[in-house]
Amino acid sequence: MLEPVMFTGGVYKHDLVIELVEDLGGYVLQKNVTQSEVILLLLVPTEDMPALESLIKELRGELVRAPLAGTEVAVVTPTLAIHHLPHTACDIAEYLRRNGAKSNMMGLARGVGREIAQINEYESALINEHDAAVFIFGNFAECIRKKESLYRNISVPVVVTGGPKIPKEDLPYAFEYVPSIGRVAHRARKATEIGTLDSIIDAVGRALDRTRNEISKDPLTTSPPRVMDAVREQVPEVEYSYSPLPIALNLNGLRVKLPYQGYRDAVKAVTFDEGVKLGEIATIKPSRMKEYILVRILPASETGFVF
Amino acid sequence: MDPMEVFKIEVTGQEEFGAKKYREIIMDILQDLGLIRSIGRLYVYIDIMKPVFAVYGLLRSGIPPLTVKDVGDVLKVEGGYQIKINDEEHMSDLLKVLWAQYGRERVEQPSRDIVVIASDTPPSGLTVADLEAEFLQDLTDALLRVAPEGFRNRRNEMTKDSFFFIAAEETLKPEMIAEMKQKIREMENA
């Protein structure tokens with residue numbers, strides 16, 4: 001069992017942490033260097049946590065659990081106008097990030113209004129590439145009920161947030177509804193507002209757990225972090241990608257941020273120690289996000305083996 | 001406590017939460033844009049089933065135009081007048097006005113906050129900026145920010161001492177505008 005954790009500490013000697021994690025059979029998901037500080041998102045075997053903890057104590061770093069690490073969550077607002085951004089949307093996205101998720105903010109082209117709100121095929125396909133989505137709505141219960149049409153066709157779990165309290169039965173297509181964070185014109189700073197952000201994280205966590213449960217019934221042929229390591233090693237160009245996170249992990253695959261046309265075959269040809277090629281155990285298709293490569297690992301029921 | 005004399009919000013249906021929240025949003029936005037002291041009374045009517053959003057407000061007494069003596073001290077010096085700028089915010093407006101009045105060759109700026117004019121007539125009374133026009137612009141901006149975003153059909157009636165703003169998703173018909181004005185009048189008289 002791998003434990004998702006976040007390390008924050010000085011740049012000095014942080015490579016010792018990376019080395020230890022790799023020796024223990026864990027994975028480094030993301031490395032962010034900000035001047036003299038470094039933030040690492042790690043997956044570490046649970047039984048080896050004390051070894052890492054003692055090293056980090058020695059380095060005077062900080063280690064916290066990041067329950068959402070290795071997932072991608074879409075934060076969707078009706079548009080990108082001043083009415084919906086920045087306050088609520090940025091607060092939620094930032095909070096998701098602090099808990100380890102890769103959050104992407106999305107504004108719909110025509111998501112505004114009560115009668116006129118709509119979503120198009122491209123937008124829903126893009127949201128479906130994530131592991132979960134958070135839809136941010138406003139202060140009127142009637143509008144929140146009516147805007148169900150925006151996420152009815154989304155196949156990943158959708159956490160809906162809004163102002164008023166609405167019984168769950170009124171929103172059958174939402175995974176969960178989190179009240180008291182509707183449209184506001186200031187940043188979240190009161191304890192109650194921060195508490196609401198926490199409950200959104202909890203709801204997203206539960207949504208991801210449900211997906212994890214579903215996957216465990218028919219496990220993936222291999223784990224996404226292992227594919228990430230292999231791709232990083234055998235397609236070195238990915239390290240030159242301009243994205244801050246060149247390989248984004250999902251629960252059932254990953255997104256390689258290289259152009260699909262040029263690197264499709266290189267990604268397909270990635271070979272594991274067992275002699276299996278990535279193209280044999282995963283579907284590799286163009287992502288809706290820019291021209292990236294989307295890798296979806298096939299379940300054991302389709303390939304017939306797990307490694 | 002509200003800085004306004006009257007601030008009423010009415011929302012149809014079971015939307016007490018929406019009414020409470022819109023009150024906060026309006027206060028936040030008016031405060032951000034520094035308009036709150038210039039509005040005396042404010043009435044907001046929201047019908048979410050139509051849906052329509054209407055605001056009616058009474059403005060506090062007009063703001064006098066900004067003159068040269070408001071932005072700096074005017075002194076008589078040899079060969080003309082010197083202005084010592086205290087408020088740099090309107091510097092560009094001031095220079096534009098002085099250039100238009102005296103010509104560029106007679107306006108000199110030896111240092112950042114000093115302007116010297118070669119003229120016999122004092123510049124004290126010249127109008128630098130029409131603050132009222134700026135205020136009305138800011139107010140329109142605030143109203144657009146306050147109104148729910150999908151309400152793209154808008155109408156804004158402004159007079160010297162009041163404003164009426166209405167926004168809706170559907171086309172604005174004269175009957176609807178009249179109905180909203182009636183509703184707001186009822187709120188005023190309640």
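Keep in mind the model is a prediction, meaning the values are calculated, not measured.

The rules behind each value
Counting from 1, residues in each chain are numbered in the order their sequence is written. All chains are assigned letters beginning at A, and all ligands numbers beginning at 1, according to the order in which they are written. Two thresholds apply to this predicted model, a pLDDT of at least 70 for residue-level local features and 80 or more for giving and counting side-chain atom pairs, whereas whole-chain, interface and lining totals are computed over all residues. Neither water nor hydrogens contribute to the side-chain values; these are computed over all heavy atoms in the structure. Two rings from Phe, Tyr or Trp (for Trp, the six-membered ring) form a pair when their centres sit within 6.5 Å of each other. Planes less than 30 degrees apart are called stacked, planes more than 60 degrees apart edge-to-face, and all others tilted. Helix and strand assignments come from DSSP, with helices taken as H or I runs of at least 4 residues and strands as E runs of at least 2, each series counted from the N terminus. Only protein chains enter the accessibility calculation, which uses a 1.4 Å probe; a residue whose area is less than 20% of its type maximum is buried, one above 50% is exposed, and one in between is partly exposed. Strand pairing follows a simple DSSP-based rule, namely that at least 2 bridges must link the two strands. Lines are fitted to the C-alpha atoms to define the axes, a helix being fitted only along its stretch in contact, and any angle between axes, read from their N-to-C directions, falls within 0 to 180 degrees. By definition, residues are in contact when any of their heavy atoms lie within 4.5 Å. Each patch is built from residues lacking any salt bridge and having more than 30% relative accessible area; the joining distance is 9 Å for like charges and 5 Å for nonpolar side chains (Val, Leu, Ile, Met, Phe, Trp, Tyr). To be clear on the numbers: accessible area is Shrake-Rupley with a 1.4 Å probe, and residue cover counts the displayed protein chains and nothing else. We define a salt bridge as a side-chain nitrogen of Lys or Arg found within 4 Å of a carboxyl oxygen belonging to Asp or Glu. The charge count includes Lys and Arg as positive and Asp and Glu as negative, but it does not include His or the ends of the chains. To locate a charge, take NZ of a lysine, CZ of an arginine, CG of an aspartate or CD of a glutamate. Accessible area that two parts lose when put together, evaluated with a 1.4 Å probe and summed over both, is termed the buried area. Polar contacts, as counted here, are pairs of nitrogen or oxygen atoms within 3.5 Å of one another; within protein the pair requires one atom able to donate a hydrogen and one able to accept it, and residues that are adjacent in sequence qualify only if both atoms are side-chain atoms. Side-chain classes follow a simple rule in which Ala, Val, Leu, Ile, Met, Phe, Trp, Tyr, Cys and Pro form the nonpolar group, Asp, Glu, Lys and Arg form the charged group, and the remainder, Gly included, forms the polar group.

Student: Looking at this model, I keep getting lost on the packing of aromatic side chains. Mind explaining?
Tutor: One pair of aromatic rings is described through two measures. These are the centre distance and the angle between the planes. Residues and elements named next belong to chain A. Within this structure, the stated rule accounts for 8 aromatic pairs over all chains. Plain terms: the ring middles of Phe-272 and Phe-307 are 5.3 Å apart, the flat faces sit at 65 degrees to each other, and that makes the pair edge-to-face. Placement of Phe-272 in the loop between helix H8 (260-268) and helix H9 (278-281) and of Phe-307 in the segment after helix H10 (300-303) is noted, with a sequence separation of 35 residues between them. A residue is classified by how much of its surface remains accessible, and Phe-272, at 5% relative accessible area, is buried. Residue Phe-307 is classed as partly exposed on the basis of its relative accessible area of 21%.

Student: Just to check I follow, could you spell out the sheet that holds strand E9 (residues 176-178) of chain A for this structure?
Tutor: Each strand in a sheet pairs with another by means of backbone hydrogen bonds, the pair being arranged parallel or else antiparallel. Residue and element names in this part refer to chain A. On the basis of which strands lie adjacent, the open sheet formed by 5 strands has the order E6-E5-E7-E8-E9 and parallel pairing. The sheet is open, and its two edges are formed by strand E6 (102-107) and E9, each paired on a single side. With direction set aside, neighbouring strand axes in the sheet form an average angle of 20 degrees. Bridge analysis of strand E8 (residues 158-161) against E9 gives 3 bridges, and the strand direction is parallel. Note that in E9 the partner of Thr-161 across the bridge is Val-178.

Student: Sorry, what's going on with the pairing of strand E13 (residues 293-297) of chain A here?
Tutor: Here is the key point about a regular strand: its side chains alternate between the two faces of the sheet. Residue and element names in this part refer to chain A. Counting buried residues along E13, 5 of its 5 residues qualify, which places the element largely inside the surrounding structure. Burial along E13 is two-sided: Ile-293, Val-295 and Ile-297 facing one way and Leu-294 and Arg-296 facing the other are all buried. Sheet analysis places strand E11 (residues 253-256) next to E13, joined by 4 bridges and oriented antiparallel. By the bridge assignment, Val-256 is partnered in E13 with Ile-293. Direction of pairing for strand E12 (residues 282-286) relative to E13: antiparallel, over a ladder of 5 bridges. Bridging across to E13, Lys-285 finds its partner in Leu-294.

Student: Explain the side chain of Thr222(A) here, please?
Tutor: Along the polypeptide, Thr222(A) turns up in the loop between helix H6 (191-217) and helix H7 (224-234). Aside from chain neighbours lying at most four places away, what touches Thr222(A) is Val227(A), Ile281(A), Ile297(A) and Phe307(A).

Student: I'm lost on a negative patch on the surface in this one. Help?
Tutor: Residues and elements named next belong to chain A. Taken together, Asp-15, Glu-19, Glu-22 and Asp-23 make up a surface patch of like negative charges. Counting through the fold element by element, Glu-22 comes out in helix H1 (residues 14-23). Classification of Glu-22 as partly exposed rests on a relative accessible area of 46%.

Student: Got a minute to help me understand the side chain of Lys257(A) in this structure?
Tutor: All names here are of chain A. Counting through the fold element by element, Lys-257 comes out in the loop between E11 and H8. The buried charged residue Lys-257 lacks any salt bridge, with Glu-72 as its nearest oppositely charged partner at 5.1 Å. Those residues within four positions of Lys-257 in sequence are excluded, and the remaining contacts are Lys-102, Ser-241, Ser-243, Leu-245, Pro-246, Ala-248 and Tyr-292.

Student: Honestly, the interface of chain B and chain A in this entry has me stumped. Any pointers?
Tutor: Where interface size is given, it is often the accessible area lost as the parts come together that is meant. Each side of the interface is counted separately: chain B has 22 residues, and chain A has 22 residues. Roughly 1,900 Å² of surface becomes buried between chain B and chain A when both sides are summed, with 61% attributable to carbon and sulfur atoms. Contact with chain A buries area across many residues of chain B, yet Phe17(B), Glu149(B) and Glu169(B) alone supply 29% of it, more than any other trio. Our count for the chain B to chain A interface comes out at 0 salt bridges. Between the two partners, chain B and chain A, sit 15 residue pairs in polar contact (both at pLDDT 80 or more). At the level of elements, helix H1 (16-32) and helix H4 (131-146) of chain B are the ones that each hand at least two residues to the side of chain B that touches chain A. Looking at which element gives the most residues to the side of chain B that touches chain A, the answer is H1(B), with 7 residues. Here the residues of the side of chain B that touches chain A are counted per class, giving 13 nonpolar, 2 polar and 7 charged.

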